[in-house]
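Single-letter residue listing:
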Amino acid sequence: EAQVTQNPRYLITVTGKKLTVTCSQNMNHEYMSWYRQDPGLGLRQIYYSMNVEVTDKGDVPEGYKVSRKEKRNFPLILESPSPNQTSLYFCASSFSSGTGATYEQYFGPGTRLTVT
Amino acid sequence: DAKTTQPTSMDCAEGRAANLPCNHSTISGNEYVYWYRQIHSQGPQYIIHGLKNNETNEMASLIITEDRKSSTLILPHATLRDTAVYYCIGGSTLGRLYFGRGTQLTVWP
């Protein structure tokens, strides 16, 4: 089954404790990205990757890191989480048009992160 | 990326057609209109996209006005499982989708 998986699905952590949220897709997509969703603010893109070893900032990259060493994986790293990073996080993937994602992006089920 | 305007909420009876409007008056000529939906707090789901012509797939139809300033998503026979927030997105930069507040569609039995 074609899918995007995220782990963990739920996480409660404390300020400053480094964490990684994994994202994996089995569709051989070149394009992957991370979004966060907050009440009243909608979904905002954090980082995206056009292909292996190619990443760039989205709209709200501060406090986050990413890496793309394999095509199927795109982990999101919070080196020193803070309470304002409490949010619902989504990973997405799609084929690439050469200048970005194609029209249909597949989203993962989400990771609900709480930082106390 | 075009700013879009959608009604905050809409209702629809089960089995009837749900027509969700969207205004995107600032959309440029080469920008697509995308529709996604999000059920509860699940990941958004792609529905359909279009540029100028009307489009139809197994989920919905998309009607785009000739001046491209607005569009309507049509779910021909709404079911309870179609209750969701529907997002109309005008254009994208490098694959970045700008989700607004969307329309909360509630399908009643």
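Since the structure is predicted, the reported quantities are computational estimates derived from the model, not experimental observations. (Residues numbered from 1 in each chain as written. Chains lettered and ligands numbered in written order. Predicted model: local features only at pLDDT ≥ 70, side-chain atom pairs only at ≥ 80, totals over all residues. Heavy atoms only, no water.)

Teacher, can you tell me more about the sheet that holds strand β1 (residues 4–7) of chain A here?
Think of a sheet as strands paired side by side through backbone hydrogen bonds, with each pair either parallel or antiparallel. All names here are of chain A. Pairing in this open sheet of four strands is antiparallel, and the strands run β1-β3-β8-β7 from one edge to the other. Edge positions in the open sheet fall to β1 and β7 (65–66), since each of these has one partner strand only. Sheet analysis places β7 next to strand β8 (residues 76–78), joined by two bridges and oriented antiparallel. Bridging from a neighbouring strand, Val66 pairs with Leu76 of β8. (Pairing = 2+ DSSP bridges. Helix = DSSP H or I, 4+ residues; strand = E, 2+ residues; numbered from the N terminus.)

What should I look at first to understand the layout of surface pockets in this one?
Taking a probe equal in size to a water molecule and rolling it over the atoms shows the remaining empty space. What the largest pocket holds in volume is close to 460 Å³. In this structure, the largest pocket is lined by 21 residues; those nearest its centre are Tyr106(A), Phe107(A), Gly43(B), Pro44(B) and Gln45(B). Elements that contribute at least two residues to the lining of the largest pocket include exactly β10 (106–107) of chain A together with β3 (33–38) and β4 (45–50) of chain B. By residue class, the composition of the lining of the largest pocket is 10 nonpolar, seven polar and four charged. (1 Å grid on protein atoms, 1.4 Å probe; cavity = no way out; pocket = protein on both sides within 12 Å on 5 of 7 lines; lining within 4 Å. Points joined across faces, edges and corners; volume = space filled by probe spheres on them. Nonpolar A, V, L, I, M, F, W, Y, C, P; charged D, E, K, R; others polar.)

Hey, could you run me through the side chain of His49(B) in this one?
In this fold, His49(B) is placed in strand β4. His49(B) gets classed as buried once you look at its relative accessible area, which sits at 18%. For His49(B), the side chain forms a polar contact with the side chain of Tyr46(B), separated by 2.6 Å. Contacts of His49(B), omitting those with residues within four sequence positions, involve Tyr103(A), Tyr32(B), Val33(B), Tyr34(B), Glu55(B) and Leu62(B). (Buried < 20%, exposed > 50% of the residue type's maximum accessible area, 1.4 Å probe, protein only. Polar contact = N/O pair within 3.5 Å; in protein donor to acceptor, adjacent residues only side chain to side chain. Contact = heavy atoms within 4.5 Å.)

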